[in-house]
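Below are the chains, spelled out letter by letter.
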Amino acid sequence: MNCLRHGEVQLLSTVNNTVQGAIHYLSCGCFGTAEQLRDPQYDPKPPAAPDPRVGELEAQVAAHADTIAAHEDTIATHVATVEELQAQLAAKDEQIAALQAQVPQPVATPAAEAHAEAIGVDLTQVEGTGVDGKITKPDVVAAAEAATADAGATDTTTPEQAS
Ligand SMILES: [Zn+2]
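This structure is a prediction, so every number in the text was calculated from the model and none was measured.

Enquirer: For this particular structure, what's the right way to read the overall build of the protein chain?
Expert: Broken down by element type, the protein chain carries six helices and five strands. Each helix and strand of the protein chain, ordered N terminal to C terminal, gives the series β-β-β-β-β-α-α-α-α-α-α. Counting all 163 residues of the protein chain, 10% fall into the buried class. Taking contacts inside the protein chain between residues at least 6 apart in sequence as the whole, the part at least 24 apart equals 29%.

Enquirer: What is the right way to read the environment of Cys-3 from this model?
Expert: Relative to the helices and strands, Cys-3 resides in strand E1 (residues 2–3). With 37 residues separating them along the chain, Cys-3 and Pro-40 place their C-alpha atoms 9.9 Å apart. Those residues within four positions of Cys-3 in sequence are excluded, and the remaining contacts are Val-9, Leu-26, Cys-28, Cys-30, Leu-37 and Pro-44.

Enquirer: Whenever I open this one, helix H3 (residues 65–102) confuses me. Can you help?
Expert: Each turn of an α-helix holds 3.6 residues, which means side chains three or four residues apart point in the same direction. For H3, spanning 38 residues, the distance from its first C-alpha to its last is 55 Å, which sits close to the expected 56 Å at 1.5 Å a residue. Counting buried residues along H3, only zero of its 38 residues qualify, which leaves the element largely exposed.

Enquirer: Got a minute to help me understand the nonpolar core in this structure?
Expert: By size, the foremost hydrophobic cluster in this structure holds eight residues: Ala-108, Ala-112, Ala-116, Val-121, Val-126, Ile-135, Val-140 and Ala-143. Breaking this core down by element, the ones donating at least two residues are helix H4 (110–119) and helix H5 (137–155). Setting aside anything within four residues of it in sequence, one finds Val-126 in contact with Val-121, Ile-135, Asp-139, Val-140 and Ala-143.

Enquirer: I tried to follow the confidence of the model for the protein chain on my own but got confused; where do I start?
Expert: For residues with low pLDDT, the predicted coordinates do not support detailed interpretation. Residue-level pLDDT values for the protein chain average 83, and 87% of them are 70 or greater. Across the protein chain, element-level confidence peaks in H3 with a mean pLDDT of 93 and bottoms out in helix H6 (residues 159–162) with 50.

Enquirer: Could you clarify how one ought to interpret the pairing of strand E4 (residues 21–26) in this entry?
Expert: Regular strands show a simple pattern: their side chains alternate between the two faces of the sheet. Where E4 meets strand E5 (residues 31–33), three bridges bridge the pair, whose relative direction is antiparallel. Paired with His-24 across the bridge in E5 is Gly-32. Turn length for the E4-E5 hairpin, with the two strands adjacent in sequence and antiparallel, is four residues, and the turn residue Gly-29 shows positive phi of about 105°.

Enquirer: What's the story with H4 in this structure? I'm lost.
Expert: Taken as a whole, H4 has its buried residues at Ala-112, His-115 and Ala-116. Here the buried residues of H4 occupy an arc of 100° about the axis, which is enough to place them on one side. Opposite its buried face, H4 presents the exposed residues Pro-110, Glu-117 and Ala-118, each directed more than 90 degrees away.

Enquirer: Quick question: what am I supposed to make of unusual backbone geometry here?
Expert: In most cases, non-glycine residues show a negative phi, while peptide bonds are predominantly trans. Of note in this structure, Asp-132 is not a glycine but carries a positive phi near 55°. Mapped onto the elements, Asp-132 comes out in the loop between H4 and H5. Taking the number of C-beta atoms within 10 Å as the measure of exposure, Asp-132 has 8 and is therefore exposed.

Enquirer: It is not clear to me how the environment of Gly-120 should be interpreted in this structure. Could you clarify?
Expert: Looking at where Gly-120 falls in the secondary structure, it is placed in the loop between H4 and H5. For the pair Gly-120 and Ala-144, spaced 24 residues apart in the sequence, the C-alpha separation amounts to 8.6 Å.

Reading the values: the criteria
Residues numbered from 1 in each chain as written. Predicted model: local features only at pLDDT ≥ 70, side-chain atom pairs only at ≥ 80, totals over all residues. Helix = DSSP H or I, 4+ residues; strand = E, 2+ residues; numbered from the N terminus. Buried ≥ 20, exposed ≤ 12 C-beta atoms within 10 Å, placed from the backbone. Contact = placed C-beta atoms within 7 Å. Expected span 1.5 Å × (residues − 1). Core = buried A, V, L, I, M, F, W, Y, C linked by C-beta atoms within 7 Å. pLDDT = per-residue confidence, 0-100. Pairing = 2+ DSSP bridges. Arc of directions from axis to C-beta.

As structure tokens, then:
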């Protein structure tokens, strides 16, 4: 029997009579009726045999299934640990932020504090013009000058006070 793909080959068996006639199985693996096999348009495609490597790989996957499952458990455990640690870290960050809020921020520069103490100015009455409203030495000087001017104004009777 001729196979259109493989030329002259041996007929293995003829079985399964159909409307078109007996189906011939050729030694190359192709099959079809005599009419089909003579037809140049007919593709005597053999049934796709399963690739033996597929079964081999499936067996390997099955053999490693326990290992894969164990590793997935380990990964899940580690993910849980990481999430727990991240939660702890977030809690610590909140504690740090709360503690930082409690730390009193210096309201005056050391020079301003020293000068205020030297000339007897109350720092709580001085408006700071430095970074974040910090009181600088010039602020203390200005406050002292303003206080002196106020004191002078109080000593002299102003027109408003007189009337
Ligand atoms: Zn063939």
